[in-house]
Amino acid sequence: MCQLEHYDGRAVDAVKLGTYRRAKGLEFKNVFLPRHDAVLANGTQADTAGGTETSETAREREELLRSQLFVAMTRARDLLWLGSVTITITR
């Protein structure tokens with residue numbers, strides 16, 4: 001594995017791992033985004049530790065998260081894999 005923080009653009013025989021922001025401007029043959037849907041689900045909550053965000057602030061935060069997800073998705077040259085995790089609680 002090669003962290004994107006240490007990736008200099010040269011070919012390496014390793015899986016590259018990093019954040020959406022760090023991947024900006026880079027291109028990869030294959031991109032895997034496990035739990036991509038969790039980014040938006042976790043980021044759209046209006047309640048924060050400091051109080052409640054205004055609807056405008058929440059909307060801007062959601063737009064930023066969608067934009068970052070778009071950047072991550074467009075890093076793929078040949079293959080984009082989107083994964084989701086569903087947790088089922090039974091009693």
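The structure contained in this document is the topic of the report that follows. Here the structure is a predicted model, which means the values were calculated and not measured.

Reading the values: the criteria
Residues numbered from 1 in each chain as written. Predicted model: local features only at pLDDT ≥ 70, side-chain atom pairs only at ≥ 80, totals over all residues. Heavy atoms only, no water. 1 Å grid on protein atoms, 1.4 Å probe; cavity = no way out; pocket = protein on both sides within 12 Å on 5 of 7 lines; lining within 4 Å. Points joined across faces, edges and corners; volume = space filled by probe spheres on them. Helix = DSSP H or I, 4+ residues; strand = E, 2+ residues; numbered from the N terminus. Nonpolar A, V, L, I, M, F, W, Y, C, P; charged D, E, K, R; others polar. Phe/Tyr/Trp six-rings, centres within 6.5 Å; stacked < 30°, edge-to-face > 60°.

Focus on the layout of surface pockets
It is a probe the size of a water molecule, rolled over the atoms, that shows where empty space is left. A volume near 490 Å³ is recorded for the largest pocket. Around the largest pocket, the lining is made up of 18 residues, and of these Lys16, Leu17, Gly18, Val31 and Phe32 lie nearest the centre. Among the elements of the structure, β2 (16–17), α1 (20–23) and β3 (28–33) are those that each provide at least two residues to the lining of the largest pocket. If you tally residues by element for the lining of the largest pocket, the top one is β3, at 6 residues. Its residues placed into classes, the lining of the largest pocket shows 12 nonpolar, 3 polar and 3 charged.

A word on the packing of aromatic side chains
Taken as a whole, this structure holds 2 aromatic pairs when the rule is applied. Between tyrosine 7 and phenylalanine 28, the aromatic rings sit 6.3 Å apart at their centres with planes inclined by 40°, giving tilted as the arrangement. Within this pair, whereas tyrosine 7 is found in the loop between β1 (2–3) and β2, its partner phenylalanine 28 is found in strand β3, the two being separated by 21 residues in sequence. On the numbers, 6.1 Å between centres and 50° between planes, the contact of phenylalanine 32 with tryptophan 81 is tilted. On the criterion of sequence distance, the pair formed by phenylalanine 32 in strand β3 and tryptophan 81 in strand β6 (residues 76–82) is long-range, its members being 49 residues apart.

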